[in-house]
Amino acid sequence: MLGGAGVLLGVAAGPAQAAEVSYATECIPPSISGLPPVQGTTKVEITAPAEAKVGDEVEIVWKFVQAASKNPDILDLEKDTVQPTGTLKAAGAQTADVAMEGPRQNPPIPKNSDMKLSDMKGKLKLTAPGEVTLTPDAYNINVNKPISTDTKCTPKETVKPAATIKVTDGGGTSGGTTGGLPTVVPTLPTSVPTGLPTGSSNPTPTPSESETDGDAGGGGSSSTGGGDSGGQTDFTGKEVQVPYECKTPIGDKNATSPVQINAKKNGGSFDLTVQFKKSVMDSPADIPKDSVKPSMEVVLGGADKGTVHVEGPTNSEDIKAGDPIEIPDLKGTYKPGASGESTLSPGVLTVKALGTTTTCTPTKTEVSLTLDTTEQASGASGGGSAGGSVGGSSTDGGLAATGADDHGSLKALGLVAGTALLLGGAVFTFMPGRRLR
């Protein structure tokens, strides 16, 4: 019966052998993660027949005894989200690269715990008599949730053969590697996004002279929005550079982004639109539909106090790696709580993406728009976003002007999903072009 099974598999009846080898390994996280290379030790057990004949197609099993690193302290990995692929080197009587692949099968892997990788398998058709050595080489680890990411691991020293097949002349025909397994390891984009986020596909006109009065109120645009407006309903704000300090799942980041606040009079209230200006960035990875949700608390000053909640829609379609990505307009309703000149400044920005949250707080108040307001019942006046049709949250009005001017430019308000250290979870982060000096 065993002999019959060997014939069905194309494997000679020689007993299987298993041998372990360890080697220094360097693993490269995706460039978009911003993480450095990881140096570790990989321990592998290779199982293959001890003996076979020319013409046999033998199955080889690669078992990970130890991966080069633990799952880092970022996210727990869900069950069946990790898949390894790799290359096994055959040498000696014949030379070949054997494509190895494991199933996407793993138990849940908590943060700061050992990686659990499935066994990889591949097939080699034997073409010449003699001894064929089998040596593990580079491997790739794919995590498919929340989005697909890859980490590439390569030996940093000469690896010793882990197994040897003694091949006898069985009169078989020559051939190469077979088995239908993939021979190309998936890759991620290698470049870091360089564009700035945009807010609107429709450009906003520059404020006219009649709508502004110079740099009143910290450089903001001054518009008349009260009873003396003379019928004016649309008020265009000034584009301001907002320095942010951001709390991300992988640490603190500093960035600066150009933002503009516009208003449209609606009875005694104002419909607000917050736009992120400048060029479009390219997506650093595949972003699923409905996975990114931005919002902001617009800060009130001058006659009025408090905040107004504005938010944008989630991405309506999947965004492929390399495709343009925009930050949508953020919208909400401002109901004045005081009469007089009231200023509006970009405030705390929050982006929720696939279970992660990044919060960015301005280090300096930059007024984008000034309105003449008339107090409305239940208006802001020192509280949260009273009357906001999109919903509200209360914070104190005004932010301290404590930021420096030399921030790196905000190059990505997008979802960055990286393989942290060896393997990892998705993180949302900013990638400033340079750090604070």
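Note that this is a predicted model, so its numbers are computed, not measured.

### Quick look at the overall build of the protein chain
For step 1, the next point in the chain: Helix and strand counts for the protein chain come out as two helices and 29 strands.
For step 2, the next point in the chain: Expressed as a percentage of the 437 residues in the protein chain, the buried residues total 48%.
For step 3, the next point in the chain: Summed over all atoms, the accessible surface of the protein chain reaches about 19,000 Å², with 49% contributed by carbon and sulfur.

### Structural notes on the packing of aromatic side chains
For step 1, the next point in the chain: As enumerated under the stated definition, the model contains five aromatic pairs in all.
For step 2, the next point in the chain: Between F270 and Y334 the ring centres are 6.2 Å apart and the planes differ by 25°, which places this aromatic pair in the stacked class. Of the two residues, F270 sits in strand β18 (residues 269-276) while Y334 sits in strand β23 (residues 330-334), which places them 64 residues apart along the sequence.
For step 3, the next point in the chain: Look at F270 and you get buried, because its relative accessible area is 1%.
For step 4, the next point in the chain: Taken together, W62, F64 and Y139 form an aromatic cluster joined through their ring pairs.

### With respect to the state of the cysteines
For step 1, the next point in the chain: Tallied over the entire structure, the rule returns two disulfides.
For step 2, the next point in the chain: Here C27 is linked by a disulfide to C153, with a sulfur-sulfur distance of 2.2 Å. The S-S bond linking C27 to C153 shows a torsion near 115°; that makes this disulfide right-handed. On the criterion of sequence distance, the pair formed by C27 in strand β1 (residues 16-28) and C153 in strand β11 (residues 149-155) is long-range, its members being 126 residues apart.
For step 3, the next point in the chain: Here C246 connects covalently by a disulfide to C360, the sulfurs 2.1 Å from one another. As the torsion about the S-S bond is roughly 115°, the C246-C360 disulfide counts as right-handed. Of the two residues, C246 sits in strand β16 (residues 240-248) while C360 sits in strand β26 (residues 356-362), which places them 114 residues apart along the sequence. Of the two residues examined, C246 and C360, each falls in the buried class.

### Considering unusual backbone geometry
For step 1, the next point in the chain: The backbone of D80 shows a phi angle near 55°, a positive value even though the residue is not glycine.
For step 2, the next point in the chain: With respect to the helices and strands, D80 occurs in the loop between β5 (70-71) and β6 (82-92).
For step 3, the next point in the chain: Look at D80 and you get partly exposed, because its relative accessible area is 33%.
For step 4, the next point in the chain: Even without being glycine, S378 reaches a positive phi, approximately 60°.
For step 5, the next point in the chain: On the basis of relative accessible area, S378 is assigned to the exposed category, the value being 61%.

### What to know about the environment of L369
For step 1, the next point in the chain: Following the sequence through the fold, L369 ends up in strand β27 (residues 369-373).
For step 2, the next point in the chain: Considered as a pair, L369 and G237 are 132 residues apart in the sequence and their alpha carbons are 4.5 Å apart.

### Topic: a negative patch on the surface
For step 1, the next point in the chain: There is a patch of like negative charges on the surface, built from D286, D290, E317, D318 and D323.
For step 2, the next point in the chain: Residue E317 is classed as exposed on the basis of its relative accessible area of 58%.

### Some words on the nonpolar core
The nonpolar side chains of a soluble globular protein tend to be buried, and buried together.
For step 1, the next point in the chain: I46, I60, W62, L124, L134 and Y139 are the most contacted members of the largest nonpolar core, which has 39 residues in total.
For step 2, the next point in the chain: Sorting the residues of this core by element identifies β1, β2 (38-49), β4 (57-66), β6, β7 (96-101), β9 (120-125), β10 (130-143) and β12 (163-168) as the ones contributing at least two each.
For step 3, the next point in the chain: The element best represented in this core is β10, accounting for five residues.
For step 4, the next point in the chain: Residue contacts for I46: discarding those within four places in its chain leaves Q17, A18, A19, I60, V61, W62, L88, L134, P136, A162 and A163.
For step 5, the next point in the chain: With 31 residues, the next largest nonpolar core counts Y244, A263, V292 and A380 among its residues.

### Here's the deal with the side chain of N262
For step 1, the next point in the chain: Tracing the sequence through the fold places N262 in strand β17 (residues 251-266).
For step 2, the next point in the chain: Reaching out from N262, the side chain makes a polar contact with the side chain of Q260 at a distance of 3.0 Å.

### Comments concerning the pairing of strand β21 (residues 306-311)
For step 1, the next point in the chain: The element β21 is largely enclosed, with a buried count of five among its six residues.
For step 2, the next point in the chain: Linkage of strand β20 (residues 292-302) to β21, two consecutive antiparallel strands, is achieved through a turn of three residues.

### Re the pattern of salt bridges
For step 1, the next point in the chain: By the definition in use, this model includes seven salt bridges.
For step 2, the next point in the chain: Put simply, D234 and K264 hold a salt bridge, and the shortest N to O gap is 3.2 Å. A residue pair is termed long-range when its members are at least 10 positions apart, and D234 in strand β15 (residues 234-235) and K264 in strand β17 qualify at 30 residues.
For step 3, the next point in the chain: D234 gets classed as partly exposed once you look at its relative accessible area, which sits at 41%.
For step 4, the next point in the chain: Under the relative-accessibility criterion, K264 is labelled partly exposed at 42%.

### Quick notes on the pairing of β4
For step 1, the next point in the chain: The pairing of β2 with β4 spans five bridges and is classified as antiparallel. Opposite V44, over in β4, you have F64 as the bridge partner.
For step 2, the next point in the chain: Pairing geometry for β4 and β9, over six bridges, is antiparallel. Counterpart to V58 in the pairing with β9 is L124.

### Some thoughts on the side chain of Q83
For step 1, the next point in the chain: For Q83, the position within the fold is in strand β6.
For step 2, the next point in the chain: Of note is the side chain of Q83, whose polar atom sits 2.9 Å from the backbone oxygen of G102.
For step 3, the next point in the chain: Filtering out sequence-adjacent residues up to four positions away, Q83 remains in contact with E101, G102, P103, R104, N140, I141 and N142.

### A short note on the confidence of the model for the protein chain
For step 1, the next point in the chain: This prediction gives the protein chain a mean pLDDT of 73; 65% of its residues lie at or above 70.
For step 2, the next point in the chain: Confidence scores differ between elements of the protein chain, with strand β29 (residues 426-427) showing the lowest mean pLDDT of 29 and β7 the highest of 96.
For step 3, the next point in the chain: Across residues 1-13, where pLDDT falls below 50, the model places 13 contacts with residues more than four positions away in sequence or in other chains.
For step 4, the next point in the chain: When the criterion is pLDDT under 50, residues 172-229 qualifies, and its contacts beyond four places in sequence or with other chains add up to 150 contacts.

Rules behind the numbers
All residue numbers refer to position in the chain's written sequence, counted from 1. Two thresholds apply to this predicted model, a pLDDT of at least 70 for residue-level local features and 80 or more for giving and counting side-chain atom pairs, whereas whole-chain, interface and lining totals are computed over all residues. To obtain the side-chain values, all non-hydrogen atoms of the structure were used and water was disregarded. Helix numbers and strand numbers start at the N terminus; a helix is a DSSP run of H or I with at least 4 residues, a strand a run of E with at least 2. The classification of residues rests on relative accessible area computed with a 1.4 Å probe and restricted to protein chains. Under 20% of the type maximum is buried, over 50% is exposed, and intermediate values are partly exposed. The Shrake-Rupley method, run with a 1.4 Å probe sphere, supplies the accessible areas, and residue values consider only the shown protein chains as cover. Here is the rule: rings of Phe, Tyr and Trp (six-membered ring for Trp) pair when centre to centre is within 6.5 Å. Planes less than 30 degrees apart are stacked, more than 60 are edge-to-face, and the remainder are tilted. A pair of sulfur atoms, both from cysteines and within 2.5 Å, is called a disulfide here. Residues enter a patch when their relative accessible area is above 30% and they make no salt bridge; the linking distance is 9 Å between like charges and 5 Å between nonpolar side chains (Val, Leu, Ile, Met, Phe, Trp, Tyr). When a carboxyl oxygen of Asp or Glu is within 4 Å of a side-chain nitrogen of Lys or Arg, the pair counts as a salt bridge. Two residue types count as positive, namely Lys and Arg, and two as negative, namely Asp and Glu; His and chain ends fall outside the count. Positions of charges follow a simple convention, taking NZ of Lys, CZ of Arg, CG of Asp or CD of Glu. By convention a nonpolar core is built from buried Ala, Val, Leu, Ile, Met, Phe, Trp, Tyr and Cys residues, the set being connected through side-chain atoms within 4.5 Å. Should any heavy atoms of two residues lie within 4.5 Å, those residues are counted as being in contact. Pairs of N or O atoms are called polar contacts if they sit within 3.5 Å, as long as, within protein, a hydrogen donor faces a hydrogen acceptor (for residues adjacent in sequence, only side-chain-to-side-chain pairs). Two strands are said to pair when DSSP picks up at least two bridges between them. pLDDT expresses how confident the predictor is about each individual residue, on a scale running from 0 to 100.

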